[in-house]
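# A look at the structure
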Amino acid sequence: MDKTIASVADAVADIQDGATIMIGGFGGSGAPIELIHALIDKRPRDLTVINNNAGNGHVGIAAMIEQDMARKMVCSFPRSADPRAFTERYLEGRIELELVPQGTLAERIRAGGAGIPAFYTPTSFGTDLAKGKPVEEFEGRSYVQERWLKADFAIIKAQLGDPMGNLTYRMAGRNFNPLMAMAATRTIAQVSQIVAPGEIDPEQVVTPGIFVNGVVQVANPQQEEFLNRQEAVYP
Amino acid sequence: MSDAINAIKLSNAQIAWRAAQDIEDGAYVNLGIGFPEMVAKFQPEGREAIFHTENGVLGFGEAPKEGEEDWDLINAGKKAITLKPGAAFFHHADSFAMVRGGHLDVAILGAYQVAQNGDLANWSTGKGGVPAVGGAMDLVHGAKRVAVVTDHTTKKGDPKLLDACTMPLTGVGCVTRVYTSLAVVDIDGGQFVLREKLPDLSFDDLQAVTGAPLNVQGTVGDLIVPAL
């Protein structure tokens, strides 16, 4: 088995117009910047993008939005230090937003990956974000029904990967990445280093390779925060 | 709020100091982004709380020196952090299992409005713009104690402690204690119970800037905070 992919361009080659894409990361931490930029080079449109945020500055997801590739964002916090790309389009009615509480977003993605079509959570009960959703009482407390989230593709960032697709992560860069890996039809991981099978101690594997379809090496990946401090613009 | 009250009210740092006095040694704590983060600075000597951040870290410490940031190591406010010995990383679903599953001892949040039944409004003013909720709606459910740190009134002088919230709710009946610039108020049985107030502030003057009745059970303590 060899899930290695030669280039980031090859890694995103199958992503077509209208696809639903989960993109890992929390702000810039754990964000697969090189895969996002490869996707911008290919420029599919009409995408539904699932990420905690809606971009910052003029790189990564913000750059995707500036290229008008996204029809809809599903996120918990579409604000950032420089949220102009999303904000302008949202206020002009050019991009749709599904706002989801952060823990509910994580659990909906986990449920999607775990084959659980719906679940109940106390989060958002009695608020505007629960409108239209079924509510049920368990042990005297009210809970809101939420549905799974799945995607055609997940593009994620990890630290080490092997040809089997096993992954480890770096620090808080883990965040949504292991969940999204489970919830997409096709999951592509960019990793800082591809190592031979067996070189990742099985005790240390965070995402088992069964959840991963492709692994592409991006040594010394860029950080969104650094790029924004340099006022970088992509492309 | 009158000039006389403005002259004696606590600063945000002092409100944070007071909230920190109620955090026990070994407590697992989540602090909201912004003003509530200040609570971490005022842990009483001899007590060590373990701080949780939504994006997957338990046991983080202070901000690193400028130039020493690692941008894979940030908090929910996207600020660089450092780790304390014994820290742990985990993914987002585990992080919110800690929140919703009742494993956190305390969550301390900011507020636009708090109602006497414990309803909290702190995510949206309802005036349009780009809505953003983050983890606020999750945090108000699950932590054993949900406390609020806030100015007692808005900048215009309107009460923030109300009979009912007028802004969009973050959670229903979730707040148990409010630390304000003038008082410490518990929410118990659908009413505000005054626990402490600034010694130089009369009950009537405090009630006048509070949007629902302040009840008294037993004695009301003096809210005494060091100059910070």
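Residues numbered from 1 in each chain as written. Chains lettered and ligands numbered in written order. Predicted model: local features only at pLDDT ≥ 70, side-chain atom pairs only at ≥ 80, totals over all residues. Heavy atoms only, no water.

Time to look at the overall build of chain B. The number of helices and strands found in chain B is five helices and 14 strands. In summary, chain B has a C-alpha radius of gyration of 18 Å against a globular reference of 17 Å for 228 residues, a match within 12%. Classification of the 228 residues of chain B by burial places 54% in the buried group. The contacts in chain B between residues at least 6 apart in sequence include a share of 64% that link residues at least 24 apart. Carbon and sulfur atoms form 49% of the exposed surface of chain B, whose accessible area is close to 9500 Å². Looking at charge distribution, chain B has the averaged site of its 18 positive side-chain charges lying 3 Å from that of its 28 negative ones. (Helix = DSSP H or I, 4+ residues; strand = E, 2+ residues; numbered from the N terminus. Rg over C-alpha atoms; globule rule 2.2 N^0.38 Å. Buried < 20%, exposed > 50% of the residue type's maximum accessible area, 1.4 Å probe, protein only. Contact = heavy atoms within 4.5 Å. Areas by Shrake-Rupley, 256 points an atom, 1.4 Å probe, with all protein chains shown as cover. Lys, Arg positive; Asp, Glu negative; His and termini not counted. Charge placed at Lys NZ, Arg CZ, Asp CG, Glu CD.)

Next up on the list: the nonpolar core. Counting residues in each nonpolar core, the largest one holds 58 residues, and the members touching the most others are Val-29, Val-39, Ile-108, Val-114, Leu-120 and Val-175 of chain B. With residues up to four places along the chain from it excluded, the contact list for Val-29 of chain B reads Ile-23, Ala-49, Ile-50, Phe-51, His-52, Leu-104 and Val-106 of chain B. Ile-21, Met-64, Met-73 and Leu-129 of chain A belong to the second largest nonpolar core, which has 38 residues in total. (Core = buried A, V, L, I, M, F, W, Y, C linked by side-chain atoms within 4.5 Å.)

Our next topic: the side chain of Asp-82 of chain A. Residue and element names in this part refer to chain A. Locating Asp-82 in the fold gives a position in the loop between strand 4 (70-75) and helix 4 (84-91). Among the residues examined, Asp-82 registers a relative accessible area of 18% and is labelled buried. Setting aside its immediate chain neighbours within four residues, Asp-82 contacts Gly-55, Asn-56, Gly-57 and His-58.

Right, let's get into the pattern of salt bridges. Applying the stated criterion to the full structure yields 23 salt bridges over all chains. By sharing partners, the salt bridges in this structure join Arg-18, Asp-22, Arg-177, Asp-186, Arg-195 and Glu-196 of chain B into a single network. (Salt bridge = Lys/Arg side-chain N within 4 Å of Asp/Glu carboxyl O.)

Attention shifts here to the interface of chain B and chain A. On the side of chain A, 46 residues touch chain B, which itself brings 36 residues to the contact. Between chain B and chain A, the buried area comes to about 3400 Å², and carbon and sulfur atoms account for 63% of it. Among the residues chain B hides against chain A, the three largest losses belong to Trp-71, Asp-72 and Val-130 of chain B. Together they make up 22% of the total. Arg-170 of chain A is paired through a salt bridge with Asp-72 of chain B; the nearest N and O atoms lie 2.7 Å apart. Applying the counting criterion to the chain B and chain A interface returns 19 residue pairs in polar contact (both at pLDDT 80 or more). Counting residues per element, the ones that place at least two in the side of chain B that touches chain A are helix 3 (92-100) and helix 4 (136-139) of chain B. With four residues, helix 3 of chain B is the single largest residue contributor to the side of chain B that touches chain A. (Buried area = accessible area lost by both parts, 1.4 Å probe. Polar contact = N/O pair within 3.5 Å; in protein donor to acceptor, adjacent residues only side chain to side chain.)

Along strand 9 (residues 151-161) of chain A, eight of the eleven residues are buried, which leaves the element largely enclosed by surrounding structure. The handedness of the strand 9 of chain A to strand 10 (residues 184-194) of chain A crossover, carried by helix 6 (residues 177-183) of chain A, is right-handed. (Right-handed = clockwise from strand over helix to strand, strands pointing away.)

Residue and element names in this part refer to chain A. Pairing within the open sheet is parallel, and its eight strands lie in the order 1-11-10-9-2-3-4-5. Only two strands of the sheet have a single partner each, and these edge strands are strand 1 (4-5) and strand 5 (96-99). The sheet contact formed by strand 2 (residues 20-23) and strand 9 spans three bridges and is parallel. Considered in strand 9, the bridge of Ile-21 is made with Phe-153. (Pairing = 2+ DSSP bridges.)

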